[in-house]
Amino acid sequence: MKKALQILFILSIFFPIAFLLLLSLGRNWPYPELLPQSLSLENWEFLQKSDSKLLQTFFLSLGISILVATVTTALAFITSKHIALSKYRNKLMLLAYIPYVLSPVILAATLHFFFIYAGISGNVSGVLLAQFFIAYPFGVIILNNFWNHKTRAIEELSKTLGSSSWQTFKNVLLPISKNALLLCFFQTFLVSWFEFGLTNLIGVGSVQTLTVRVFSFVNEANIFYAALASCLLILPPMILIWINKRYIFATETVI
Amino acid sequence: MEPLLHIDNITKSFGSETVLHNVSFMLQEHEVLSVLGKSGSGKTTLLKILAGLEKEDDGTISLSRKRMNDTPPNKRNIVYLYQEPLLFPHLNVSENIAFGLKIRKQSPDVIKTKVEHMLAEIGLEEHAEKMPHQLSGGQRQRVSFARALIIEPKVLLLDEPFGALDAETRVQMQELFKKLSKKMKLTSIFITHDLKEALTMGDHIGKIELGHFKRYESKQDFYDDVDSGAQQEAAFWKQFN
């Protein structure tokens with residue numbers, strides 16, 4: 001039974017990936033055939049065509065997501081500490097949930113006027129800022145639990161042993177928070193990477209991330225290119241999952 | 001003789017609640033002062049103020065005749081030890097003990113010699129490479145002591161350090177602390193709610209109750225004070241004779 005469940009679990013992960021890969025290689029798939037009539041690398045050559053801009057889109061998305069995740073993780077680390085030490089901790093944490101209660105698209109629609117007014121609607125900086133509005137509260141929520149009574153006591157102990165604030169941060173807080181920071185980075189990267197509604201609204205078609213391109217291909221009923229773009233889309237999350245399993249869970253620090 | 005630590009009229013409130021009322025006492029060099037106090041009596045707040053981790057509302061703290069009120073915790077050379085050993089989870093036993101020396105940028109050779117010596121003192125030479133989660137509660141507390149003692153603090157503040165240990169380990173730790181305290185001529189304040197432990201560990205006894213501090217001249221004084229609880233404790237054990 002356990003073995004069957006394991007196989008089912010592995011299939012549930014690998015079947016969609018294998019199917020996407022198959023579709024990305026497919027040509028000519030008339031109804032009611034179960035599979036495409038022919039397979040070739042022709043779709044993948046689309047990546048190299050200068051007018052496709054799919055590779056550029058991939059790297060643009062990667063850049064945006066890495067930047068959003070890095071800035072969010074750094075700021076959320078500092079913010080979550082101040083919130084954890086505040087006597088208004090619970091009230092401030094409620095604020096962090098507002099973007100999700102409203103939903104990102106509604107938040108974007110609400111803020112769109114200000115983006116236009118600031119002249120950042122339809123450019124990369126606007127998309128970066130919009131995604132940051134969504135990822136930042138999420139980062140604070142993830143890191144908030146790290147700042148518990150024990151972490152604070154360890155920080156204080158380090159200071160009475162002679163460490164300055166910087167030494168405490170470098171020698172104690174950073175190493176013990178490594179897993180929480182990586183988790184926050186990965187999660188906020190994924191929030192940014194798969195973000196569609198908000199990016200589409202603020203990007204107004206001028207800034208096309210990979211997720212937006214996948215939806216464009218789907219809307220055009222171009223399933224082969226949609227599959228090809230999806231293959232690129234799932235690549236970074238898969239690498240992150242592998243890193244997560246290989247380096248984080250394997251070296252989990254026991255506090 | 002000039003006292004090492006001089007606490008004068010320390011007052012502290014949290015909101016409308018005053019947790020320390022004009023606390024004053026002195027601590028001589030190489031003296032161990034046991035302080036008895038129940039939960040919520042203000043003892044932890046007092047230690048945190050002395051360590052620089054909390055700011056007093058009023059009063060003066062002097063160490064070697066130097067006013068310390070505005071000195072940050074890392075410059076006071078007063079180490080505050082929690083009830084929990086709180087070892088740094090990413091460092092092994094040796095690295096934990098060496099922490100304060102590395103911060104002080106001592107040479108690797110000096111650090112190595114001192115750490116080895118300290119490991120021998122606490123009887124954990126065999127466990128030098130172990131990580132904190134591989135140690136027992138008593139072993140962790142030993143490492144925590146060693147990490148504090150290796151930097152030769154002017155004052156060691158111990159906040160119920162053996163409170164979480166079982167009875168047998170607790171006695172072992174009390175003996176180890178007494179041995180090290182005598183050998184290294186420690187000056188310390190030892191907080192406990194255990195009357196017997198206070199009498200065993202301290203050269204002198206103090207008591208903190210609802211933010212008011214009282215220091216007894218001698219252990220006899222402490223015993224004679226009906227409110228100290230010592231007579232009731234003695235009477236309890238006498239009934240079995």
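Residues numbered from 1 in each chain as written. Chains lettered and ligands numbered in written order. Predicted model: local features only at pLDDT ≥ 70, side-chain atom pairs only at ≥ 80, totals over all residues. Heavy atoms only, no water.

## A closer look at the packing of helix H8 (residues 149–160) of chain A against helix H9 (residues 165–193) of chain A
Residues and elements named next belong to chain A. Between H8 and H9, whose axes approach to 10 Å, the crossing angle comes to 140°. Here H8 lies oblique to H9, going by the angle between them. In this structure, the crossing between H8 and H9 has a hand that is right-handed. In this structure, H8 contributes Thr151, Ile154, Glu155, Ser158 and Lys159 to the contact, and H9 contributes Ser165, Thr168, Val172, Leu173 and Ile176. Across the contact of H8 with H9, the residue classes break down as 4 nonpolar, 4 polar and 2 charged. (Axes fitted to C-alpha atoms, helices over the stretch in contact; angles between N-to-C directions. Helix = DSSP H or I, 4+ residues; strand = E, 2+ residues; numbered from the N terminus. Parallel < 35°, antiparallel > 145°, perpendicular 65-115°, else oblique. Left-handed = near helix turned anticlockwise from the far one by under 90°. Contact = heavy atoms within 4.5 Å. Nonpolar A, V, L, I, M, F, W, Y, C, P; charged D, E, K, R; others polar.)

## Some remarks on the environment of A:Glu33
All names here are of chain A. For glutamate 33, the position within the fold is in the loop between strand E1 (26–27) and strand E2 (38–39). Among the residues examined, glutamate 33 registers a relative accessible area of 40% and is labelled partly exposed. As for glutamate 33 and alanine 4, which are separated by 29 residues in sequence, their C-alpha atoms are 30 Å apart. (Buried < 20%, exposed > 50% of the residue type's maximum accessible area, 1.4 Å probe, protein only.)

## Section: the pattern of salt bridges
Applying the stated criterion across every chain yields a total of 15 salt bridges over all chains. Between B:Asp57 and B:Lys12 there is a salt bridge whose closest N-O contact spans 4.0 Å. Of this pair, B:Asp57 sits in the loop between helix H1 (43–51) and strand E4 (58–63) while B:Lys12 sits in strand E1 (residues 5–14), and the two are 45 residues apart along the sequence. Looking at B:Asp57, the relative accessible area reads 47%, which means it is partly exposed. What you see here is one network of salt bridges that share partners, running through A:Arg152, A:Glu156 and B:Lys48. (Salt bridge = Lys/Arg side-chain N within 4 Å of Asp/Glu carboxyl O.)

## Regarding the UniProt feature "domain: ABC transporter" (unreviewed entry) in chain B
UniProt marks residues 5–235 of chain B with the feature "domain: ABC transporter" (unreviewed entry), using the numbering shown here. Helix makes up 38% of residues 5–235 of chain B and strand 26%, and the two end C-alpha atoms of the span are 36 Å apart. (UniProt positions renumbered as here; feature names shortened; annotations may be inferred.)

## Re empty space enclosed by the protein
Residues and elements named next belong to chain A. Within the structure shown, the criterion is met by 1 cavity of 30 Å³ or more. Volume-wise, the largest cavity comes out at about 30 Å³. Along its surface, the largest cavity is lined by Leu107, Ala108, Leu111, Phe115, Ala130, Phe133, Leu198 and Ile202. Contributions of two or more residues to the lining of the largest cavity are made by helix H6 (104–117), helix H7 (124–144) and helix H10 (197–203). If you tally residues by element for the lining of the largest cavity, the top one is H6, at 4 residues. Partitioned by chemical class, the residues of the lining of the largest cavity number 8 nonpolar, no polar and no charged. (1 Å grid on protein atoms, 1.4 Å probe; cavity = no way out; pocket = protein on both sides within 12 Å on 5 of 7 lines; lining within 4 Å. Points joined across faces, edges and corners; volume = space filled by probe spheres on them.)

## Here's the deal with the UniProt feature "domain: ABC transmembrane type-1" (unreviewed entry) in chain A
Mapped onto this numbering, the UniProt entry annotates "domain: ABC transmembrane type-1" (unreviewed entry) at residues 54–244 of chain A. Strand forms 0% of residues 54–244 of chain A and helix 84%; the C-alpha atoms that close the span are 27 Å apart.

## Quick word on unusual backbone geometry
Residues and elements named next belong to chain B. Even without glycine at this site, serine 64 takes up a positive phi of about 50°. Overall, the relative accessible area of 36% leaves serine 64 in the partly exposed class. One non-glycine residue, leucine 86, adopts positive backbone phi at about 45°. Summarising the element assignment, leucine 86 is placed in the loop between strand E6 (78–81) and helix H3 (93–103).

## Quick notes on the UniProt feature "transmembrane region" (unreviewed entry) in chain A
The sites that UniProt annotates as "transmembrane region" (unreviewed entry) are residues 7–26, 58–80, 92–120, 126–147, 180–203 and 223–243 of chain A. Across residues 92–120 of chain A one finds 83% helix and 0% strand; the C-alpha atoms that close the span lie 28 Å apart.

## With respect to the packing of aromatic side chains
For the structure shown, the criterion picks out 26 aromatic pairs over all chains. Through successive ring pairs, a cluster of aromatic residues spans A:Phe58, A:Phe59, A:Phe185, A:Phe186, A:Phe189 and A:Trp193. It is B:Arg147 that lies over the ring of B:Phe88; its NZ or CZ is 4.7 Å from the centre. (Phe/Tyr/Trp six-rings, centres within 6.5 Å; stacked < 30°, edge-to-face > 60°. Lys NZ or Arg CZ within 6 Å of the ring centre and 35° of its normal.)

## Here's the deal with the sheet that holds strand E8 (residues 188–192) of chain B
All names here are of chain B. Pairing is mixed in the open sheet, where 6 strands are placed in the order E6-E7-E8-E3-E9-E10. Whereas interior strands pair on both sides, the edge strands pair on one side only; in this sheet they are E6 and strand E10 (212–215). For this sheet the average axis-to-axis angle between neighbouring strands, irrespective of direction, equals 20°. Looking at chain direction, E6 and strand E7 (residues 155–159) are connected through 4 bridges and run parallel. (Pairing = 2+ DSSP bridges.)

## Some thoughts on the sheet that holds E4(B)
All names here are of chain B. Ordered by their spatial adjacency, 4 strands build an open sheet running E2-E1-E4-E5, and the pairing between neighbours is antiparallel. In this open sheet, the two strands that pair with only one neighbour each are strand E2 (17–27) and strand E5 (66–67). Pairing analysis gives 2 bridges linking E4 to E5, with the strands arranged antiparallel. Bridge pairing links serine 62 to arginine 67 in E5.

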